There are 2 protein chains.
Amino acid sequence: MPTVSVENYLKAILHLQDGDGDRVSTTAVAEKVGATPASTSAMMTRLGDRGWVEHERYYGVRLTEKGQRLAMDILRRHRLWERFLVDHLGFEWDQVHEIAEELEHVDSVELTNRLDAFLGFPKLDPHGDAIPGPNGRFRSVAARTLLAEAPRNLDLVVVGVVDGGDAFLRHLGVLGIELGSRLTVIERHAFDGSLVVRFDNSEEQQLLAPGVCERLWVDQSNPSPVIVFPESESPN
Amino acid sequence: MPTVSVENYLKAILHLQDGDGDRVSTTAVAEKVGATPASTSAMMTRLGDRGWVEHERYYGVRLTEKGQRLAMDILRRHRLWERFLVDHLGFEWDQVHEIAEELEHVDSVELTNRLDAFLGFPKLDPHGDAIPGPNGRFRSVAARTLLAEAPRNLDLVVVGVVDGGDAFLRHLGVLGIELGSRLTVIERHAFDGSLVVRFDNSEEQQLLAPGVCERLWVDQSNPSPVIVFPESESPN
DNA sequence: TTTAATTTTTAGCCTTGTCTAAAAATAAAT
DNA sequence: ATTTATTTTTAGACAAGGCTAAAAATTAAA
Ligand SMILES: [Mn+2]
Ligand SMILES: [Mn+2]
Ligand SMILES: [Mn+2]
Ligand SMILES: [Mn+2]
């Protein structure tokens, strides 16, 4: 029975580990949860005592099997609630993170599984991030590419957002980009990686700044169904 | 920004005050929240410092305007979530209290109001208790009588449960009683208040023990729409 | 109106989670 | 290989919430 605070730390560590099973530094965790390194150091010790992380003094932490499972369950609840808020309560995708940050701590397996069913067992949250299943592992999702690395002259769909802070999400709104937006890369500027693209719904070409291209997952419109386990860095 | 613990205390005090605006004893609150009188005494002082209760040393507490409003908002969230759990996730009415006890602490006005709308602005929770509106006051609900005090030979409907602990709710299930059940009082035993009743759906008469009759709200099947603000003692 | 019982508060202690400031260890740079 | 910079941990404090045991106030009984 982890506390709310402990759960937030565990989820932060999961995000920072991000597939790569290497250790995460105290400072990185501190920054993620918004605490000082001193407080975080103390918490890492407590998490180690409870068997949720391996803590190598001065070298960081890594989630144990048990810790990973706990963290995945929290992430599952977070993303399911985000789906609920957007699909059924009419929230925008840039408004749900903070609320889900609290709902995720209501820890009831019954509730979570029934919510999952109610939502139709979604694979992705409103930001295109994979939702862990009841077994604590990601459900398989089609392959995806960063827009920044996508080839030219292909019909692409925006399928996800990397590190989708609310400010970035609202910026996408201003640009008229959302999940499902279709576009084609016309030109890539070698200098900084800016892209000239054309959206499906418009005749005009448009420039996308590198900071945007590096944070959008895309897929081909006619997807070859390669199955893979994605590991985005998105926190939501 | 009250903590979860503070919110639970405030709600407990609201329940114990129950319409009557007189003071509530420390021991009663302690029992309700499951803490010792010593811990509760300390908490009452803190609540007083923050202006949420008037605390007369040695004589108990009474919610202030601000405290009452906070408590009503918590109760609103609790009962809205109970409706959600029963109406949309398929929980039984004896399974929702504990989960709502956690969900009620997710404090977002936006979330609460959208949930309210999603549910169709319900007036009653699954136990027949009134749901406070966004203004922090109960929505008007038709008058109700305790079954123990209802006249004979009237067509009655069960509209609510007093103090609906899960055990009592399951007992009602065994007896085949739920909200909406229709019955008529045939006979009242003067000795202990037991009632002989006949349910709508059956020919046979049935005996109801006093402990049951005193904890069921009923209304006439063809209700004369008297408007009143109910104050049940139910905690859910 | 004393005495006894009950209720409430205080005193003292503990855990969790947070902080700042200082010490210790590791990593980087000369 | 030292010195310097950075990171991590430790030390010491504090607030919230909880407990038990003891003191004080109130209420009930004699
Ligand atoms: Mn959270
Ligand atoms: Mn998300
Ligand atoms: Mn609660
Ligand atoms: Mn209820």
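Look a little higher up for the structure.
Residues numbered from 1 in each chain as written. Chains lettered and ligands numbered in written order. Predicted model: local features only at pLDDT ≥ 70, side-chain atom pairs only at ≥ 80, totals over all residues. Heavy atoms only, no water.

Peer 1: Help me understand the packing of aromatic side chains in this model?
Peer 2: The relative placement of two aromatic rings is captured by the distance of their centres and the angle of their planes. Using the criterion set out here, one finds 8 aromatic pairs over all chains in the structure. Here the aromatic rings of F84(B) and F118(B) are separated by 6.3 Å at their centres, their planes lie at 55°, and the arrangement is tilted. With F84(B) in helix α4 (residues 65-87) and F118(B) in helix α6 (residues 109-118), this residue pair connects regions lying 34 residues apart in the sequence. Classification of F118(B) as partly exposed rests on a relative accessible area of 24%. Of the aromatic side chains, those joined through ring pairs into one cluster are W81(A), F84(A), F118(A), W81(B), F84(B) and F118(B). In this arrangement the basic side chain of R114(A) is found over the ring face of F91(B), its NZ or CZ atom lying 4.4 Å from the centre. (Phe/Tyr/Trp six-rings, centres within 6.5 Å; stacked < 30°, edge-to-face > 60°. Helix = DSSP H or I, 4+ residues; strand = E, 2+ residues; numbered from the N terminus. Buried < 20%, exposed > 50% of the residue type's maximum accessible area, 1.4 Å probe, protein only. Lys NZ or Arg CZ within 6 Å of the ring centre and 35° of its normal.)

Peer 1: Honestly, the protein's contact with DNA strand C in this entry has me stumped. Any pointers?
Peer 2: Around DNA strand C, the structure places 22 residues, and the nearest of them are T3(A), S39(A), T27(B), S41(B) and H55(B). Each atom of DNA strand C within 4 Å of the protein belongs either to a base or to sugar and phosphate, the latter forming 84%. Contact between DNA strand C and R46(A): a phosphate oxygen at 3.4 Å from a side-chain N or O atom of the residue. Contact between DNA strand C and T26(B): a phosphate oxygen at 3.0 Å from a side-chain N or O atom of the residue. Taken together, the elements giving at least two residues each to the surface near DNA strand C come down to α1 (4-17) and α3 (37-49) of chain A together with α2 (26-33) and α3 (37-49) of chain B. It is α3(A) that contributes the most residues to the surface near DNA strand C, 4 residues altogether. (Near = heavy atom within 4 Å. Polar contact = N/O pair within 3.5 Å; in protein donor to acceptor, adjacent residues only side chain to side chain.)

Peer 1: What's the story with the interface of chain B and chain A in this structure? I'm lost.
Peer 2: Across the contact, 19 residues belong to chain B and 19 residues belong to chain A. For the pair chain B and chain A, the two sides together bury roughly 1500 Å², of which 75% comes from carbon and sulfur. Mapped by element, the contributors of at least two residues to the side of chain B that touches chain A are α4, α5 (97-103) and α6 of chain B. Looking at the side of chain B that touches chain A, its residues break down into 11 nonpolar, 4 polar and 4 charged. (Contact = heavy atoms within 4.5 Å. Buried area = accessible area lost by both parts, 1.4 Å probe. Nonpolar A, V, L, I, M, F, W, Y, C, P; charged D, E, K, R; others polar.)

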